[in-house]
Structures are given as C-alpha cells and as structure tokens.
Amino acid sequence: MGSEMCIRDSYNILNMFLTGLVFIGGCLVIFPDTAVALFNSDIIENLGAGPEIVVTVCTFAVAYEVGLIINRTGSVVLEPLLKRTKLIPFNDNYTLFNQKKKEYPIMNTLSREYALSRTGVVLFLSLLILSAVEKKCSLVAICAVITGIYFLSCRKHAGKIVELMQNG
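What comes next is a walk through the structure.

Each value, and the rule that gives it
Residues numbered from 1 in each chain as written. Predicted model: local features only at pLDDT ≥ 70, side-chain atom pairs only at ≥ 80, totals over all residues. Heavy atoms only, no water. Core = buried A, V, L, I, M, F, W, Y, C linked by side-chain atoms within 4.5 Å. Buried < 20%, exposed > 50% of the residue type's maximum accessible area, 1.4 Å probe, protein only. Helix = DSSP H or I, 4+ residues; strand = E, 2+ residues; numbered from the N terminus. Contact = heavy atoms within 4.5 Å. Phe/Tyr/Trp six-rings, centres within 6.5 Å; stacked < 30°, edge-to-face > 60°.

What to know about the nonpolar core
Next up, step 1: By size, the foremost hydrophobic cluster in this structure holds 26 residues, and its most contacted members are Phe23, Leu127 and Ile161.
Next up, step 2: Elements represented by at least two residues in this core include exactly helix 1 (2-30), helix 4 (51-84), helix 6 (106-133) and helix 7 (137-166).
Next up, step 3: Ranked by residue count, the leading element in this core is helix 6, at 9 residues.
Next up, step 4: Sequence-distant contacts of Leu127, that is, excluding residues within four places in its chain, are made with Val22, Phe23, Gly26, Cys27, Ile30 and Cys143.

Digging into the packing of aromatic side chains
Next up, step 1: Applying the stated criterion to the full structure yields 5 aromatic pairs.
Next up, step 2: With 6.0 Å between their ring centres and 50° between their planes, Phe90 and Tyr114 make a pair best called tilted. Residue Phe90 is located in the loop between helix 4 and helix 5 (94-103), and its partner Tyr114 is located in helix 6; the two are separated by 24 residues in the primary sequence.
Next up, step 3: Overall, the relative accessible area of 33% leaves Phe90 in the partly exposed class.
Next up, step 4: Assessed through its relative accessible area of 5%, Tyr114 is described here as buried.
Next up, step 5: A network of ring pairs unites the aromatic residues Phe17, Phe60 and Tyr64 as a single cluster.

Given below as structure tokens:
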C-alpha cells in the first residue's frame, strides 16, 4: 500500500507541475513579446535581493495551479463531453471498477494513463486555441497533431478499462 501511495502522490505532483510548466512554456513561445516585457519590467527589478529565487518559486506555484486547473478541466468538462458524444467508451460503475482492479492490477496503470492522456488533450487543445488566436499556423498544426495523439491514447486506455470491466 505504501508504494501505491507514493506512486499516486508522485503522479499528482508531476502531473500538475509538468502540465503547468508545459503550458507556461507554450505560452512563452506563443507570446514571446509579452514574456520579454515581463522579464524586463519593473516588477522583476523591484523584487530586491534574490529575484531569481522569487521568480522560480512563483513559477513553480503558478505551474502547479495551472496544471491542476487543466487536469480538473479534463475531468469535469472534457470527460463528460467525450462520454456524452460517445467518442470514448466508458463505464461509470465505480464499484465494478474497484472489484476488477483487484482481479486486474493493470487497471491502476490504465486509469492513470487515461487521466494523463485526458489532461494532455486539454493542455494541447488550450495551446492550439491560443496559437490560433495569435495566428501562429505552424504551432496550431503541431498542437492539433499532439492533441490528436493524446485523444487516441485517451480512447485506447478507456477502451481497455471498459474491456477488462466487461470480462467476468
């Protein structure tokens, strides 16, 4: 049980931080002039001693929150939409899922991978929209391809979970 908890905690922290950092990095690429203006602004200059430490801590805090928001958006907005439109197979029977999890321990991994893929869809769809607003066609194309890959991964993992839940 201890190693499972450690994996879950690591997953949550890394998922939020990495998602947030990728989003921030994507925004720096999409809005380079704004990023340069921010780093050259009086805000950074007036931080006093050790502004790089403050900027680093703030960046990680913002990255975690952005990642959390993207993750939750995947859960409360994207997932219901995908289920309602039947773009992914889904079985909402959580009791059955927990029973099958005992029979098929791989369900934990599949569930984590599904959630990561769902988060990836929201992340790159968001970057796609921002790129489109800024008329950065090459970034729109790149984000569209990556969004598609994450969607296919999400669908694949959801399908495997449903298939294992139906075995019995």
